[in-house]
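Below, each chain spelled out in residue letters.
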Amino acid sequence: MAKVPVQFTLNGSEKAEFIESGTTLLNALRDKIGDTSPKGGCHQGTCGACSVIIDGELRLSCLTLAETCNGADIKTTAGLAEGGVLHPLQRAFLDAFATQCGFCTPGMITAAKVLLDRTPNPSREDVVEALSGNICRCTGYEPIIQAVLTAARANSQNAA
Amino acid sequence: MELRKDYFADVRKDGLNEIGQPRPRLDSPGHVTGKTAYFADRNFPGMLHLKMVRSPHHHARIRSIDTSEAEKHPGVVRVLTARDVPHNVYTILILIQVGPEDETVLADGKVRWKGEAVVAVLAETERAAQEAAAKVKVDYEVLPAVFDMEEALKPGAPVVNEYHGQNYYLYDSGECRKVRFGDVEAGFAQADHILEQSYQSSPIEHAPTETTGCVVAPEGNDRFTCYTNTQAMFFTLDNASIILQMPGSKLHFVGGTVGGGFGGKVDVIVEPIAILGAKLTGRPVSFVYSREEEMQISSPRAAEKIVIKDGVMKDGRIVARKVTGYTDAGAYSRHSPYGAQKGAAHYPGPYTISNVWIDTYCVYTNRTPSSAMRGFGVTIGDFALEVQMDKLARLIGMDPLEFRFINAYRDGDMKAHRQPTEGAALIECMQEASRAANWPVAEKYMAMSSYRKGA
Ligand code: FES
Ligand code: FES
């Protein structure tokens, strides 16, 4: 099958690959580029485990064709910690026991990151709304919501 | 979180190094950084993808299978049928002598549930495997099917699984697991009230966020490494060894990281066929359930029917309990004979009842095989028992919580299956529940104890 070139920035570094036309961004990231932090829970846009940030927007990478991402700036949970220091969201997820099996966690953190980038002091309703596309089968959501609210508070304290 | 240390204070040691101390989970840092390696995060050059051809019928004889078109499909490397599987008929619990072997890895001559695996296709890409699977031609003769447990137990019902010969699991105690304790009929004769009710549940899917699957890599030394999300590593290794007729030393299982299991990943389903594919092609193989397969094909919690007849006195004592339980195994045993047996031990509930009679049946029907799920054999039973307890309390005009205090088991009480009660904590849990829920009970119940004599 004919291959097409794709080139984008992933967590700050340049990536270039030849992929089969029709490859999803999820499969390109996981199988070609080696960033396995986005997970495939359904491959049909219903679970949110594959969530990534494309040019600042939350996207389902299982429903995004890799070839449409030329020149994009893509961010995943794998690139969130800086210099080995956990991002406040990651810290809060750890402390609040907001991960059990962990399969939904990278997608959850990605969705929460987009929320906090736009709404630094979200209400509980804002958090619930922002995470509404992400399924967690283990935690019952409450620890996740608390973790995001805690991270938001930690962020605004740092900024003050 | 609040630890209530006043309960059991006189029989408990505090100041232990680990127990009672909060400890961070070892796996969480991997989860929040995306570094935790799940089986599907392993990718090998040249990896093949396995897709199953599945039965569209609930019950049918297979007249013929034609794989010639599928084999010609571009990208297809190998097509597997029952003939390729060294020991095709197996049952998971044979490892603990719970037989007979009753399930096929790939269907041979017959399918017994809609979705049963018939032919495995291995191809260079998922898409090629999927397209080729659609080209496999299976000629079926549809047979009458049975979906209801009571129908399945009637004489003349279609036989679901010939390895059993009848539509129930034959225990060493006969057609059902039995518990006999005291004299249940004498208990009913003495009771002020008798209440008989029947409770029913449907199958429940675990719906883990990560679907069932494995990745198998052939190693240079003639061994196979299987990366899997099984919840039962050694069960899977030993069963794979039997099915493949391959010594366990040739199999290296890597797992323990499960993206949600809830009991749904204790069956041995994907690994043996994926290892066989890797062996016959010499290539790494990935076999991952689609979301649809996870919801439709993986074993659910069994449907159950539970009939409870209780004799109760006006003062609140339950004096007789008779339970008939039915567990719908679907077409194959998997873990259901064990689940039904657990029910037999559990149906008296956490209550001390002097006259008990229990029969539990593990029934075969043409439904998706059921298996383990969080407290299987017990959870649905608890639903039925506690609803029954509320109804009994209402019947005799008693507070439902006080009614449970009266019947609660305590250390030293003999259970119906003749294990003396040890380490009971029901009284204390109910005392705390009474406080937490602001549901007061009489002082004498708040002074009771599970373990202190006289209290
Ligand atoms: S894998 Fe993309 S939404 Fe589930
Ligand atoms: S932690 Fe398991 S799905 Fe969320």
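Reading guide: rules and limits
Residues numbered from 1 in each chain as written. Chains lettered and ligands numbered in written order. Predicted model: local features only at pLDDT ≥ 70, side-chain atom pairs only at ≥ 80, totals over all residues. Heavy atoms only, no water. Phe/Tyr/Trp six-rings, centres within 6.5 Å; stacked < 30°, edge-to-face > 60°. Buried < 20%, exposed > 50% of the residue type's maximum accessible area, 1.4 Å probe, protein only. Lys NZ or Arg CZ within 6 Å of the ring centre and 35° of its normal. Domains from an automatic or database assignment. Buried area = accessible area lost by both parts, 1.4 Å probe. Salt bridge = Lys/Arg side-chain N within 4 Å of Asp/Glu carboxyl O. Polar contact = N/O pair within 3.5 Å; in protein donor to acceptor, adjacent residues only side chain to side chain. Helix = DSSP H or I, 4+ residues; strand = E, 2+ residues; numbered from the N terminus. Nonpolar A, V, L, I, M, F, W, Y, C, P; charged D, E, K, R; others polar. Contact = heavy atoms within 4.5 Å. Pairing = 2+ DSSP bridges. Axes fitted to C-alpha atoms, helices over the stretch in contact; angles between N-to-C directions.

**Student:** Can you walk me through the packing of aromatic side chains in this structure?
**Tutor:** Centre-to-centre distance and the angle between the planes together describe a pair of aromatic rings. Residue and element names in this part refer to chain B. Scanning the entire structure with this criterion turns up 9 aromatic pairs over all chains. Aromatic pair F287 and Y289: ring centres 5.9 Å apart, planes at 70°, arrangement edge-to-face. You'll find F287 and Y289 in the same group, each marked buried. Positioned above the aromatic ring of F188 is the side chain of K309, whose terminal nitrogen or guanidinium carbon lies 4.4 Å from the ring centre. Directly above the ring of Y451 sits R452, whose terminal nitrogen or CZ lies 5.4 Å from the centroid.

**Student:** Mind showing me how you'd approach the domain arrangement of chain A here?
**Tutor:** Frequently, the measure chosen for interface size is the accessible area that the parts lose on association. Residues and elements named next belong to chain A. Domain annotation of chain A identifies domain 1 (3-79) and domain 2 (88-159). With centres defined by C-alpha atoms, the gap from domain 1 to domain 2 works out at 22 Å. Buried surface at the junction of domain 1 and domain 2, both sides included, amounts to about 1,100 Å², of which 59% is carbon and sulfur. Close ionic contact of E57 with R118 constitutes a salt bridge, the shortest N to O distance being 3.3 Å. Between the two partners, domain 1 and domain 2, sit 6 residue pairs in polar contact (both at pLDDT 80 or more). Breaking the side of domain 1 that touches domain 2 down by element, the ones donating at least two residues are strand 3 (51-54) and strand 4 (57-60). Of the residues assigned to the side of domain 1 that touches domain 2, the class counts are 5 nonpolar, 8 polar and 2 charged.

**Student:** What exactly am I supposed to notice about the interface of chain A and chain B here?
**Tutor:** Residue-level contacts link 26 residues of chain A with 25 residues of chain B. Looking at the side of chain A facing chain B, the largest losses of area belong to C101, F103 and R137 of chain A, adding up to 29% of the total buried there. Linking chain A with chain B are 2 salt bridges. Put simply, D41 of chain B and K39 of chain A hold a salt bridge, and the shortest N to O gap is 2.7 Å. In this structure, the connection of chain A to chain B is made through 13 residue pairs in polar contact (both at pLDDT 80 or more). Split into classes, the residues belonging to the side of chain A that touches chain B amount to 12 nonpolar, 10 polar and 4 charged.

**Student:** Looking at this structure, I do not really get the domain arrangement of chain B. What am I missing?
**Tutor:** Residue and element names in this part refer to chain B. What the domain assignment reports for chain B is domain 1 (48-142 + 211-296) and domain 2 (177-204 + 300-446). Its C-alpha centre places domain 1 at a distance of 39 Å from the equivalent point of domain 2. Listed by partner, the interface residues are 20 residues for domain 1 and 16 residues for domain 2. Between domain 1 and domain 2 we count 2 salt bridges in total. Residues D267 and R334 are paired through a salt bridge, measuring 3.9 Å at the closest nitrogen-oxygen approach. Across the domain 1-domain 2 interface, the total number found is 9 residue pairs in polar contact (both at pLDDT 80 or more). When the residues that make up the side of domain 1 that touches domain 2 are grouped by side-chain class, the tally is 8 nonpolar, 7 polar and 5 charged.

**Student:** Looking at this structure, how should I read the pattern of salt bridges?
**Tutor:** Enumeration according to the criterion identifies 39 salt bridges over all chains in this entry. In this structure, E142 of chain A engages R124 of chain A in a salt bridge whose closest nitrogen and oxygen atoms are separated by 2.8 Å. Of the two residues, E142 of chain A is situated in helix 5 (residues 142-159) and R124 of chain A in helix 4 (residues 124-130); the sequence distance between them amounts to 18 residues. Overall, the relative accessible area of 34% leaves E142 of chain A in the partly exposed class. When its relative accessible area of 34% is taken as the criterion, R124 of chain A is described as partly exposed. In this structure, D328 of chain B and R367 of chain B form a salt bridge, with 3.3 Å as the shortest nitrogen-oxygen distance. Of the two residues, D328 of chain B is situated in strand 16 (residues 318-330) and R367 of chain B in the loop between strand 17 (356-364) and helix 10 (379-395); the sequence distance between them amounts to 39 residues. A residue is classified by how much of its surface remains accessible, and D328 of chain B, at 4% relative accessible area, is buried.

**Student:** How should I be thinking about the sheet that holds strand 4 of chain A in this particular structure?
**Tutor:** Backbone-to-backbone hydrogen bonds join strands into a sheet, with any given pair of strands oriented parallel or antiparallel. Residues and elements named next belong to chain A. Read across the open sheet, the 5 strands follow the order 2-1-5-3-4; overall the sheet is mixed. Strands at the two margins of the open sheet, each flanked by one partner only, are strand 2 (13-20) and strand 4. Mean inter-strand twist for the sheet, computed between neighbouring axes without regard to direction, equals 40°. Pairing geometry for strand 3 and strand 4, over 4 bridges, is antiparallel. In the strand pairing of strand 4, S51 is matched with L60. Of the strands in this sheet, strand 3 and strand 4 touch helix 3 (residues 105-118), which is tilted by about 35° from strand 3.

**Student:** How should I be thinking about the sheet that holds strand 15 (residues 304-312) of chain B in this particular structure?
**Tutor:** All names here are of chain B. Pairing is mixed across the open sheet formed by 5 strands, whose spatial order is 9-17-16-15-10. Both edges of this open sheet fall to strand 9 (177-181) and strand 10 (193-201), since each of them pairs with a single strand only. In this sheet, adjacent strand axes meet at a mean angle of 5° when their direction is disregarded. Where strand 10 and strand 15 come together, 9 bridges link them in antiparallel fashion. Residue S201 lies in a different strand from strand 15, and its bridge partner there is E304. Set on the sheet, helix 9 (residues 336-346) makes contact with strand 9, strand 16 and strand 17; between it and strand 17 the angle comes to about 165°.

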